[in-house]
Amino acid sequence: MRGDPFLEFLSVLEKEGFEVTQNSFIKPDLAFVLATVGQAEKPTTRVLYLKKFTGNEFVFFTHEDSKKGEDIAFNENVSACIFFPASLRQIRIEGRAVIGKQEEANEYWETRQALSKAGGILSKQSQILPNYEEFVIEAHKLAEEKSPLLKPETWVSYHIIADEFEFWEGAPNRLNLRTKYKKDLNFKDSWFKTHLYP
């Protein structure tokens, strides 16, 4: 059976009250879990915001030299999971993460508040922080300066290019509905759709 996971993704987000249109920022912020595997060959997860949907790719922003950025540079395969506890819905996405265009990162950077920009400029993400209070003071000072808060070169967008989805819906007595989409490598934009046992 064939199907379109992107249409199902949009349908779920619409039901959950999110505003999503192609190539625009998702509103309100949509949290998701991103799993990566680096050189140590151990999985690492963290919660991020999924900021944008291009129509067939999923976009988040971070420092290229962060832990997740280093992991992706070593191993581009990632897994993402979005969970909606109130409705017992879950979307799992597997694929590879690639760096997007600088223009895209610049566009989103300009939407951030001054203090958020200052933190992004000063942060050596994932490295040891000697004094948190001093970091916060420095961020506030930088945010209050009149000079432009320019985006660091290492602050980039990442696009998740999916090759597999699972849409999970909780049901009474664990009779959960699981719908899997797997990319057909022989045909562009074609997906196999199957159901899985709970």
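Residue positions are given per chain, counting from 1 as you read along its sequence in written order. Under the rules for a predicted model, residues below a pLDDT of 70 receive no local features and side-chain atom pairs below 80 are neither given nor counted, while totals for whole chains, interfaces and linings still include all residues. By convention in this description, side-chain values take in all heavy atoms of the structure and omit both hydrogens and water.

(A) Layout of the overall build of the protein. Each helix corresponds to a stretch of at least 4 residues labelled H or I by DSSP, and each strand to a stretch of at least 2 residues labelled E; elements are numbered beginning at the N terminus. Looking only at helices and strands, the protein features five helices and eight strands. Counting from the amino terminus, helix and strand elements in the protein follow one another as α-β-β-β-α-β-β-α-α-α-β-β-β. For the protein, the spread of C-alpha atoms along the principal axes amounts to about 55 × 35 × 35 Å. In the protein, the proportion of contacts linking residues at least 24 apart, taken out of those at least 6 apart, comes to 60%. Counting only carbon and sulfur atoms, one obtains 53% of the accessible surface of the protein, whose full area is about 12000 Å². In this tally, Lys and Arg are treated as positive and Asp and Glu as negative; His is ignored, and so are the chain termini. The atoms used to mark charge sites are NZ of Lys, CZ of Arg, CG of Asp and CD of Glu. In the protein, which carries 26 positive and 30 negative side-chain charges, the distance between the mean positions of the two groups comes to 3 Å. The contact criterion used is simple: two residues touch if any of their non-hydrogen atoms lie within 4.5 Å. In short, Shrake-Rupley with a 1.4 Å probe defines the accessible areas, and a residue's cover is counted only from the protein chains shown.

(B) Broad picture of helix α1 (residues 5-15). Three or more residues of α1 are buried, namely P5, F6, F9, V12 and L13. Projected down its long axis, α1 shows its buried positions confined to an angular sector of 120°, all on one face. With respect to the buried face of α1, the exposed residues turned more than 90 degrees away are L7, E14 and K15. The term polar contact refers here to a pair of N or O atoms within 3.5 Å; inside protein, the definition further demands a hydrogen-donor-capable atom paired with an acceptor-capable atom, and it admits residues adjacent in sequence only when both atoms are side-chain atoms. Between the side-chain oxygen of the N-cap and the backbone nitrogen of F6 there are 2.9 Å, and the N-cap of α1 in question is D4. Remark: G17 follows α1 within two positions and exhibits a positive phi of approximately 90°. Each residue's exposure class comes from its accessible area (1.4 Å probe, protein chains only) as a fraction of the maximum for that residue type: buried when under 20%, exposed when over 50%, partly exposed otherwise. Directions pointing from the helix axis toward each C-beta atom define the arc.

(C) Structural detail: the nonpolar core. We call a set of buried residues a nonpolar core when its members are Ala, Val, Leu, Ile, Met, Phe, Trp, Tyr or Cys and they connect through side-chain atoms within 4.5 Å of each other. Ranked by size, the top nonpolar core spans 31 residues in total, and within it F9, F32, F58, I91, I160 and F165 carry the most contacts. Counting residues per element, the ones that place at least two in this core are α1, β1 (24-37), β2 (43-53), β3 (58-63), β4 (77-84), β5 (89-99) and β6 (155-169). A total of six residues in this core trace back to one element, the largest contributor, which is β6. When near neighbours in sequence (up to four residues on either side) are disregarded, I91 contacts F9, V12, L13, A80, C81, I82, F84, E166 and F167. The next biggest cluster of nonpolar side chains, apart from the first, holds six residues, and it includes V59, F61, A105 and Y108.

(D) The packing of aromatic side chains, seen in detail. Stacked, edge-to-face and tilted labels apply to pairs of Phe, Tyr and Trp rings (six-membered ring for Trp) whose centres lie within 6.5 Å, assigned for plane angles under 30 degrees, over 60, and everything in between, in that order. The final tally for this structure, using the stated rule, is 19 aromatic pairs. Centroid distance F165 to W191: 5.4 Å. Interplanar angle 70°. Geometry classified as edge-to-face. Here the residue F165 occupies a position in strand β6, and W191 occupies one in strand β8 (residues 191-196), the gap between them amounting to 26 residues. The exposure classification of F165 matches that of W191, with both residues buried. Seen in terms of ring centroids, F167 and Y181 are 5.7 Å apart; in terms of plane orientation they differ by 85°. Their pairing is edge-to-face. Placement of the pair is F167 in strand β6 and Y181 in strand β7 (residues 177-183), with a sequence separation of 14 residues. Within the aromatic cluster, the residues linked to one another by ring pairs are F6, F9, F53, F58, F165, F167, Y181 and W191.

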